[in-house]
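Here is what each chain is made of, one letter per residue.
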Amino acid sequence: MACASAAAGGCGSGCYKDKDDEEEQQQQKQKNEKEVLGGRGRGGVGGGRGVGHGHSLCIKCKVDEALSLSSTITNTSSSSSSSNLCLGCFRSSLFAKFKQSISSHDLISPTDNVLVAFSGGPSSRVALQFVHELQDKAQRNSEASRDNSYPVFGVGVAFIDESNISAIPSHELDKAFQDLRLIVSSLAPPQKELHVMPIGNICSSDPKEGRNRVKELLDTVTDITGKEDLLQHFRMLCLQKIAFDNGYNKLVLGSSTSTIACHIISATVKGQGYSLPADIQYVDARWEIPVVLPLRDCVAQELKMLCRLDGLKTLELLDGPRSGINGLVSSFIELLQEENPSRERTIVRTAEKLTPFHFNRLPEGMNDSNDHFPSRWRRRKRLNLKSDESMPSEFLCPICCSPLNKSDVESLTNKLGSCETSSEIFGLSCCPSCQFQILPKEVSSMMQFYSHLPQPMIARAKDCLNGDQTWLRERIEDCLLSDNEDGT
């Protein structure tokens, strides 16, 4: 009988395989051994699969030929452990990291309904594939159980349509959307619903108006990095809206070790060191729908290699390169990788020493429905989290949702008395990085920028200012103006 935790996609005891997996791998291993011995028996040095021609055997199974990186990935570097594994063991290694993250941090439970964000790149493609395989195995184990008592988590796929603000030819976009639908339809059963949301819908329900407002907002931002960051914040708002409107309770992102390493460096350059720990954890519950990162321990080059070897189709057309500070940091990290393939992991491990925030764990009670499963499945890695009792609720930037440090909040309270409009209050509520890179400097431009902002960003600012922090509310009670009073 399969491990009970397999119905939920992972075993907290560290077991990554059920009995069926072990039997299949044992049969494949015996078959490979026979092929190797048969080749040797025929007297040909090249008859064995891993012998001759300068090829080495997999360091794990000792049977199949190790991957030849030169034939799979060009102009990239990869870890030495990947180059010494065969395809089967390499894939199992990545899948094991994925499942270990899920089981150790309760990222996906049997009763969840998760939404996978798909951007078209290799990382999100692998995340979608692995989540599908977990769901498929859970479905088969549930059907094989005597009473079908194991629930199976639901999966949906979200894609943000940015065609209205991109310069990609229409015929290429049509082909990309066809490929997108084919990718999602191929991952069945179980059936997965595809949600495509134009990015302008976050500003207005009218497609034309929403597109124009997003363009005007981006045109107002003169800094290249700020423009790119603002667009990224819009994407997250869209994903949150899709998840909330369709009843999903968790959002799965394909952020890898490489993505997080780049973010660590770029956030440091932008002056976001205080909020950095919030962005690099397995769980981010400051959003209405908690965000989880099951591929956090996988390197981007390994995920790209898996896509090529497994034939997983990606949509590189929709996953464009970065620019500004983000692009420079990506190029810098690539250079470091060429010198030492473990640099990305080193950067992430160094940043892990920073203390996470209290919202870097799932809300209490979210996974209480798992109590009927074995306790070993529900094992959770302990985090050095900031205590809820030792600090007030975090004041979050209304644009990037980064927590503000104490000095920024004190500066906000001291300046609120001189504010005359809602746009000024909103600007002061933002973190220093957003103020410097995104917000317009002229008053008239700022008012226009504020009038076009998505409602969730404006609501977030009001919620923070009027929330549980009575010590701040008393300071700005007379400053908050109605829409009629500020003329917007």
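Here the structure is shown first, and the text comes after it.
Note that the structure is predicted; figures quoted are calculated from it, not measured.

Bringing the overall build of the protein into the picture now. The helix and strand tally for the protein stands at 20 helices and six strands. Buried positions account for 50% of the 488 residues belonging to the protein. Within the protein, residue pairs in contact and separated by at least 24 positions form 76% of the contacts whose partners lie at least 6 positions apart. Summed over its atoms, the accessible surface of the protein is roughly 23100 Å², and 49% of this surface lies on carbon and sulfur atoms.

Mapping R91 onto the fold places it in helix α4 (residues 87-105). Taking relative accessible area as the criterion, R91 reaches 18% and is therefore assigned buried. Leave out the neighbours within four places in its chain, and R91 touches Q129, F130, E133, L306 and D310.

With 13 residues, helix α9 (residues 257-269) ought to run about 18 Å at 1.5 Å a step, and its terminal C-alpha atoms sit 19 Å apart, in line with that. Of the positions making up α9, those classed as buried are T257, S258, I260, A261, C262, I264, S266 and A267. In this fold, the buried residues of α9 make contact with α10 (276-279), α11 (300-310), α12 (324-339) and α13 (343-351). Positioned one or two residues after α9, G271 has a phi angle of 85°, which is positive.

A separate point is the pattern of salt bridges. The final tally for this structure, using the stated rule, is 17 salt bridges. The residue E162 makes a salt bridge to R235 at a minimum N-O spacing of 2.4 Å. Taken together, the positions of E162 in the loop between β2 (154-161) and α6 (170-186) and R235 in helix α8 (residues 224-245) put the pair 73 residues apart, joining distant regions of the chain. Judged by relative accessible area, R235 falls into the partly exposed class, the value being 23%. With a shortest N-O distance of 3.7 Å, R296 and D297 are connected by a salt bridge. Note on R296: relative accessible area 2%, which makes it buried.

Our next topic: the nonpolar core. Nonpolar side chains tend toward joint burial in soluble globular proteins. One finds L230, L251, I399, F426 and F449 to be the most contacted residues of the largest nonpolar core, which totals 66 residues. Ranked by residues supplied to this core, first place goes to α8 with nine residues. Taken domain by domain, the makeup of this core includes at least three residues from each of domain 1 (87-352) and domain 2 (406-478). With residues up to four places along the chain from it excluded, the contact list for F426 reads P398, I399, L439, M446, Y450, L453, M457, I458 and A461. Counting 46 residues, the second largest nonpolar core, distinct from the first, contains L85, F98, V131 and F177.

So, about the pairing of strand β1 (residues 113-117). Remember that side chains alternate between the two faces of the sheet whenever the strand is regular. Across the five residues that make up β1, a large majority, four, are buried. Pairing between β1 and β2: five bridges, direction parallel. For V114, the partnering residue across the bridge sits in β2 and is V155.

What follows is about the pairing of β2. The buried fraction of β2 is high, at seven of eight residues. The pairing of β2 with strand β3 (residues 193-198) spans six bridges and is parallel. Looking at the pairing, G156 lines up with E193 of β3. With α6 bridging β2 and the parallel β3, this β-α-β connection has right-handed handedness.

Another aspect to go through is unusual backbone geometry. A negative phi holds for most residues other than glycine; trans holds for most peptide bonds. Here the phi dihedral of K62 falls at roughly 60°; this positive angle occurs in a residue that is not glycine. Structurally, the position occupied by K62 is in the loop between α1 (19-41) and α2 (69-72). Given the relative accessible area of 54%, K62 is considered exposed.

A word on the packing of helix α5 (residues 122-144) against α11. Their axes nearest at 9 Å, the elements α5 and α11 cross at an angle of 65°. As summarised for this structure, α5 and α11 are arranged roughly perpendicular, according to the angle between their axes. For the pair α5 and α11, the crossing hand works out as left-handed. For the pair α5 and α11, the contacting residues are P122, S123, R125, V126 and F130 in the first and L303, K304, L306 and C307 in the second. Each residue belonging to the contact of α5 with α11 can be placed in one class, and the counts come to six nonpolar, one polar and two charged.

As summarised here, the arrangement of the six strands in space is β3-β2-β1-β4-β6-β5, forming an open sheet in which the pairing is mixed. With one partner strand each, in any of the chains shown, β3 and β5 (283-284) form the two edges of the open sheet.

Criteria and thresholds
Residues numbered from 1 in each chain as written. Predicted model: local features only at pLDDT ≥ 70, side-chain atom pairs only at ≥ 80, totals over all residues. Heavy atoms only, no water. Helix = DSSP H or I, 4+ residues; strand = E, 2+ residues; numbered from the N terminus. Buried < 20%, exposed > 50% of the residue type's maximum accessible area, 1.4 Å probe, protein only. Contact = heavy atoms within 4.5 Å. Areas by Shrake-Rupley, 256 points an atom, 1.4 Å probe, with all protein chains shown as cover. Expected span 1.5 Å × (residues − 1). Salt bridge = Lys/Arg side-chain N within 4 Å of Asp/Glu carboxyl O. Core = buried A, V, L, I, M, F, W, Y, C linked by side-chain atoms within 4.5 Å. Domains from an automatic or database assignment. Pairing = 2+ DSSP bridges. Right-handed = clockwise from strand over helix to strand, strands pointing away. Axes fitted to C-alpha atoms, helices over the stretch in contact; angles between N-to-C directions. Parallel < 35°, antiparallel > 145°, perpendicular 65-115°, else oblique. Left-handed = near helix turned anticlockwise from the far one by under 90°. Nonpolar A, V, L, I, M, F, W, Y, C, P; charged D, E, K, R; others polar.

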